[in-house]
Amino acid sequence: LPGHHGRGTEMDAAIAAHATAGALRLRVLEALQERGSEGLTYCEAQGVLGLASAQQRLSDLVQRGLAVDSGRRRRTPRGAWATVWVASGASEPGR
């Protein structure tokens, strides 16, 4: 596990962090699936889920092929353009 050096408390912390990251990834994936083709930007994911780590968890989903760039952009509250991410398959017609 990342962050693990074989010592008792470090191992416990690494296991807990790994489990927490997995649960947070699931929450982000569920939010993407609920939004369907509307998708979420990183900023929107943080707001919807109240998670500061939403960007990292969404990046994890992209790396795993569970979320993809929809090809659309939306403005953030600060006026910057942001990628709209969707769950894999959600941008297909009929979804």
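Here is what the cut-offs are and how they apply
- Residues numbered from 1 in each chain as written.
- Predicted model: local features only at pLDDT ≥ 70, side-chain atom pairs only at ≥ 80, totals over all residues.
- Heavy atoms only, no water.
- Helix = DSSP H or I, 4+ residues; strand = E, 2+ residues; numbered from the N terminus.
- Buried < 20%, exposed > 50% of the residue type's maximum accessible area, 1.4 Å probe, protein only.
- Salt bridge = Lys/Arg side-chain N within 4 Å of Asp/Glu carboxyl O.
- Arc of directions from axis to C-beta.
- Core = buried A, V, L, I, M, F, W, Y, C linked by side-chain atoms within 4.5 Å.
- Contact = heavy atoms within 4.5 Å.

A. Quick peek at the environment of glycine 36. Tracing the sequence through the fold places glycine 36 in the loop between helix 1 (8-35) and helix 2 (42-49). You can call glycine 36 buried: its relative accessible area is 18%. Separated by 50 residues in the primary sequence, glycine 36 and valine 86 have C-alpha atoms spaced 6.7 Å apart.

B. A look at the pattern of salt bridges. Overall, the coordinates contain five salt bridges when judged by the stated rule. In this structure, the salt-bridge partner of glutamate 44 is arginine 74, at a minimum N-O distance of 2.7 Å. Here glutamate 44 is found in helix 2, whereas its partner arginine 74 is found in strand 1 (residues 67-75), with 30 residues between them in sequence. Owing to a relative accessible area of 24%, glutamate 44 belongs among the partly exposed residues under this scheme. The network of salt bridges with shared partners includes Arg25, Arg57 and Asp60.

C. Layout of helix 3 (residues 54-63). When helix 3 is considered as a whole, its buried residues turn out to be Ala54, Arg57, Leu58, Asp60 and Leu61. An end-on view of helix 3 places all buried positions within 150° of arc, on one side of the element.

D. Looking closely at the nonpolar core. Within the largest apolar cluster, 15 residues are counted, with the highest numbers of intra-cluster contacts made by Val28, Leu32, Leu51, Leu58 and Leu61. Taken together, the elements giving at least two residues each to this core come down to helix 1, helix 2, helix 3 and strand 2 (81-87). Looking at which element gives the most residues to this core, the answer is helix 1, with five residues. The residues contacting leucine 32, other than those within four sequence positions of it, are Leu40, Leu58, Leu61, Ala67, Trp85, Val86 and Ala87.

E. Representation of the side chain of threonine 41. Relative to the helices and strands, threonine 41 is located in the loop between helix 1 and helix 2. Residue classification places threonine 41 among the buried positions, given a relative accessible area of 2%. Among all residues touching threonine 41, those that are not within four sequence positions of it are Arg74, Ala82, Thr83, Val84 and Trp85.

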